[in-house]
Amino acid sequence: MTRAVVLGGGLAGVLAAVALTRHADEVVVVESDHYPAGPRPRRGLPQSHHNHVLMTGGIRALDALLPGVVDDLLAAGAHRRNLPGDCLIFSGEGWFHRVRTEADLIACGRPLLDEVVRRHAAIEVVQGVAAVGLTGDTRKVTGVRLGTVTDGWKHIAAPGRAGGIAEIRTTTGAPLGDLPEIARSEVIGADLVVDATGRRSAAPTWLAALGVPAIGEITVPSGVAYATRLYEGSGEIPAVLVHPKYTPARGGTLFPIEGNRWIVTMTGDPPLDEAGFLAYARALRDPVIADLIEKAKPAGPIRPCRDTANRRRHFEDAELPEGFLAVGDSVVTVNPVYSHGMSVAAMTALRIAEEGPSQRAVAEVADRSWRMAVAEPRKGGDAKVGRAVLSSAGLAAEVFHGQALIPAVRDHQAVFRAMVDDLVEPLTAEQAISQFAWAR
Ligand SMILES: Cc1cc2nc3c(=O)[nH]c(=O)nc-3n(C[C@H](O)[C@H](O)[C@H](O)COP(=O)(O)OP(=O)(O)OC[C@H]3O[C@@H](n4cnc5c(N)ncnc54)[C@H](O)[C@@H]3O)c2cc1C
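Residues numbered from 1 in each chain as written. Predicted model: local features only at pLDDT ≥ 70, side-chain atom pairs only at ≥ 80, totals over all residues. Heavy atoms only, no water.

A. Structural view of the overall build of the chain. Scanning the chain from N- to C-terminus turns up 13 helices and 25 strands. Looking at the chain residue by residue over its 440 residues, the buried ones come to 57%. In the chain, the share of contacts with a sequence separation of at least 24, taken over all contacts with a separation of at least 6, comes to 72%. About 17900 Å² of surface is accessible on the chain, with carbon and sulfur atoms providing 52% of the total. (Helix = DSSP H or I, 4+ residues; strand = E, 2+ residues; numbered from the N terminus. Buried < 20%, exposed > 50% of the residue type's maximum accessible area, 1.4 Å probe, protein only. Contact = heavy atoms within 4.5 Å. Areas by Shrake-Rupley, 256 points an atom, 1.4 Å probe, with all protein chains shown as cover.)

Given below as structure tokens:
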């Protein structure tokens, strides 16, 4: 009998667990947080207040892993938009013409997406329990050290003490019958331990404690802060994206989400007060988003996020012990303006489902995203730079194609044509907006 223990019940963890059910007899997810009742943000996932768009690569992988999940998301109020066909986009080079491609995106609140995915996944999650270390040696990881969570953030190890486990539930909310004996001990033995604890993952430290050499890591600042606010607003609106042209990367997006709401994000260095947020939106290269939100009723506070750096950890190049795998944000995070992380999680899980656990396969998916967000150093130089701040027709087309994380050349050309058309025959803001039934 083989047991896989997945650390972290975020999207990457839940989807990796789904994939591993094809390869292990038993799969257990350990999550330090508690899932809320219903689609609500939670403390273990601070980014869930912010705009989360699922790109084409992610949509396809998610549906392949959990057939019917995308239909359920749409039935729950998520919006599907063609990219760029159903989006009003002011790129660095001008307004996009409406061109339909094979690329779609799904816009909804992150809590809704997580809840629908967890319902479909129906895997076992031990909640309120944190991983605090690994057991084993440089050759093999044999298990996970657990601690109880006292305040949702602070992870307290409880060596030698039985009990203290706050709650044990499945993702469907039903209590589990056969897990308590695992959860009560401070170590879970495992044939495979999967680190999916996200951007704040301590896996390199845990591995170092076993004697594993340092994991190679590169961090490239994105230079982008986020400020996000919900508004009441109709779903009959295209996704609206106003891109920056130069640094600082001042841009804004508005996506319709479930519950007749808009999720509006300002990127760059946006202020967090009401007047400043609106003024910032108005000062973008086009005021279309400001015009919309000025008349709309806010549905929550303005929320900041500065944790947006690009970071790649090269677990695949390390001499890892057997029985260990890292996935998701623990391996790669890119500037959120690319909207990649959830798609990377889904595409990685699909590879694991099809091929079995492989750090190399994880790296291949991660690198596709990383190459989009971070430019290689110039000849002779050693500094890498985030690419979102760059602006050229070629890059914009590549970004839109690459952002969808699908390899279809046809789409690339279609999007590129849209860019070139923009240059040859530029649209005014009024012409661009009048391409849609909705009017300013
Ligand atoms: C502002 C912002 C906007 C974003 N927008 C998008 C977007 O539009 N589209 C997109 O695809 N991606 C987006 N992302 C990225 C996306 O949020 C992540 O890639 C995605 O959540 C998958 O990450 P993960 O599951 O690896 O980690 P996380 O989502 O961070 O989940 C990690 C989980 O591990 C748990 N945990 C942590 N420590 C422990 C421990 N010691 N023991 C047990 N459990 C633990 C946490 O509670 C959490 O549930 C955005 C990110 C940010 C910051």
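B. View of the packing of helix 9 (residues 341-355) against helix 10 (residues 359-373). Helix 10 packs onto helix 9 with a crossing angle of 155° between their chain directions and a minimal axis gap of 9 Å. In terms of orientation, helix 9 lies roughly antiparallel with respect to helix 10. In the crossing of helix 9 with helix 10, the sense of the turn from one axis to the other is right-handed. Residue-level contacts link Val344, Met347, Thr348, Arg351 and Glu355 of helix 9 to Ala361, Val362, Glu364, Val365, Arg368 and Ser369 of helix 10. The class makeup of the residues in the contact of helix 9 with helix 10 is five nonpolar, two polar and four charged. (Axes fitted to C-alpha atoms, helices over the stretch in contact; angles between N-to-C directions. Parallel < 35°, antiparallel > 145°, perpendicular 65-115°, else oblique. Left-handed = near helix turned anticlockwise from the far one by under 90°. Nonpolar A, V, L, I, M, F, W, Y, C, P; charged D, E, K, R; others polar.)

C. Layout of the environment of Ala190. Considering the arrangement of structural elements, one finds Ala190 in the loop between strand 13 (187-189) and strand 14 (192-195). On the accessibility criterion, Ala190 (8% relative accessible area) is buried. With 134 residues separating them in the primary sequence, Ala190 and Phe324 have C-alpha atoms 9.6 Å apart. Not counting chain neighbours up to four residues away, the residues in contact with Ala190 comprise Arg3, Val5, Val141, Thr142 and Gly143.

D. Highlighting the pattern of salt bridges. Throughout the structure, instances matching the rule amount to 23 salt bridges. Here Asp33 makes a salt bridge to Arg42, at a shortest N to O gap of 2.9 Å. The exposure class assigned to Arg42 is buried, which follows from its relative accessible area of 9%. Between Arg306 and Asp269 there is a salt bridge, with its nearest N and O atoms 3.4 Å apart. (Salt bridge = Lys/Arg side-chain N within 4 Å of Asp/Glu carboxyl O.)

E. Representation of the confidence of the model for the chain in the model. For the chain, mean pLDDT is 84; residues scoring 70 or higher make up 79% of the total. Note that pLDDT drops below 50 for residues 150-185; the model gives that stretch 69 contacts with residues more than four away or on any other chain. (pLDDT = per-residue confidence, 0-100.)

F. Region of interest: the pairing of strand 19 (residues 261-268). A large share of strand 19 lies buried, amounting to seven of its eight residues. The pairing of strand 16 (residues 225-232) with strand 19 spans eight bridges and is classified as antiparallel. Residue pairing across strands places Tyr231 opposite Trp262, the latter belonging to strand 19. In the sheet, strand 18 (residues 251-257) pairs with strand 19 via seven bridges, with the strands oriented antiparallel. Looking at strand 19, one finds that Gly251 is bridged to Thr267. Linking strand 18 to strand 19, which pair antiparallel, is a turn of three residues; within it Gly259 sits at a positive phi near 75°. (Pairing = 2+ DSSP bridges.)

G. Up close: the site of the ligand. The environment of the ligand is made up of 36 residues, and the closest members are Glu31, His52, Val53, Asp329 and Met342. Here an oxygen atom of the ligand and a backbone polar atom of Ala12 are 3.0 Å apart. For the ligand, whose unbound accessible area comes to 1000 Å², protein coverage reaches 95%. The set of elements that each furnish at least two residues to the shell around the ligand consists of helix 1 (11-20), strand 2 (26-31), strand 3 (52-55), strand 9 (129-136) and helix 9. For the shell around the ligand, the class distribution of residues is 13 nonpolar, 17 polar and six charged. (Near = heavy atom within 4 Å. Polar contact = N/O pair within 3.5 Å; in protein donor to acceptor, adjacent residues only side chain to side chain.)

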